[in-house]
Amino acid sequence: MYRASRAPLGVAPAAAFVVALLVAACGDEGTGPGPGPEPEPTTPQPASVRIVPDEATLHAIGDTVVLEAGVFDATGQPIEDAAIEWRSLDPTIVTVDSLGRVVAGGEGEARVRAAAGERYAEATVVVRQVPAAITLDRDTATLAEGSAITLVAMAVDSNGVAIEDPPYAWTSSDTTAKVTGDGQVIAVRGEGVARITVASGPAAASAEIHVLGKIAFYGVDLTAGTSRYIGVMNSDGRTVVRLTGAPQRRHSPPRCPPTAPPAGTSARPPPPRPRGRSGRGAGCRTRSAPPGRGSEARPGRCSARRR
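Read on for a plain summary of the structure. (Residues numbered from 1 in each chain as written. Predicted model: local features only at pLDDT ≥ 70, side-chain atom pairs only at ≥ 80, totals over all residues. Heavy atoms only, no water.)

1. Quick look at unusual backbone geometry
Glycine aside, a negative phi is what most residues show, and trans is what most peptide bonds show. Val 52 connects to Pro 53 through a cis peptide bond whose omega is -10°. One can find Pro 53 in the loop between strand S1 (48-52) and strand S2 (55-58). In this structure, Asp 81 is a non-glycine residue whose phi angle is positive, near 55°. Among the secondary structure elements, Asp 81 is positioned in the loop between strand S4 (68-72) and strand S5 (85-88). Its relative accessible area of 81% is what places Asp 81 among the exposed residues. (Helix = DSSP H or I, 4+ residues; strand = E, 2+ residues; numbered from the N terminus. Buried < 20%, exposed > 50% of the residue type's maximum accessible area, 1.4 Å probe, protein only.)

Quick look at the structure:
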């Protein structure tokens, strides 16, 4: 017959404690405390702003240019999607929208600012109109020698906007007419044609000037009887001025030569000189008397007329 043996006193409780520790160590890992929360990333702060290009020139009212701005942090790294505020410091010259698009509105120089937070950069935009075309108030004119006219020029830029007081250069192609710096054309001498040209930048225009010569003439004023005068007129037939009255020429009618009396007769005074229908003197002729009526000569009828 077998008899159960007992473990020594104090052994069983110690073994139970060890088993409990092993079970706790081998238990579910998810039941223990997990890792702590990850730290939130810090937002980069703008340290500088750059504009490209930082200078631009526009040559016509209404022309545009697009500026681009970049924002950078303290390490020089670009900050993506940074909020940028655009502003023109002189809206009368240029305007700018939220995308950096600049539009020319008037001649001059203006600064455009791009800001990110407290940081900003500026670009310089110059608006300077360049003539693309010039027109004159006339393309042809006729001048008498010594007279003058003034040509008026107008220049526009490539968008058709008028340019105020651009610099003009005036030239003449011929010495028959000269032109001053303000467009006044003076007819110096005739007769001839001169082409007057005005230029500004790459644009130019011209007008053809016809200069008339002067012709001296001897005329009769029928409204004042038969008054004669000397005048000067342009070569187009228009009288310019009457210089002076011309002295009238006196015409004497021809006289009949004296007729010698026949031999054996006494000399008689010549008969009175007859006059023609117009009252002007005429030449005379004589004819011999018929036979049997004497040998003296008779005065003939006036037959010659002044031509």
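There is more to say after this.
2. Regarding the sheet that holds strand S9 (residues 119-127)
Pairing is mixed in the open sheet, where 4 strands are placed in the order S2-S9-S8-S5. Of all strands in the sheet, those bounded by a partner on one side alone are S2 and S5. The mean inter-strand angle of the sheet, taken between neighbouring strand axes irrespective of direction, is 25°. For S5 and strand S8 (residues 108-116), the ladder comprises 4 bridges, and the chain directions are antiparallel. By the bridge assignment, Glu 85 is partnered in S8 with Ala 115. (Pairing = 2+ DSSP bridges. Axes fitted to C-alpha atoms, helices over the stretch in contact; angles between N-to-C directions.)

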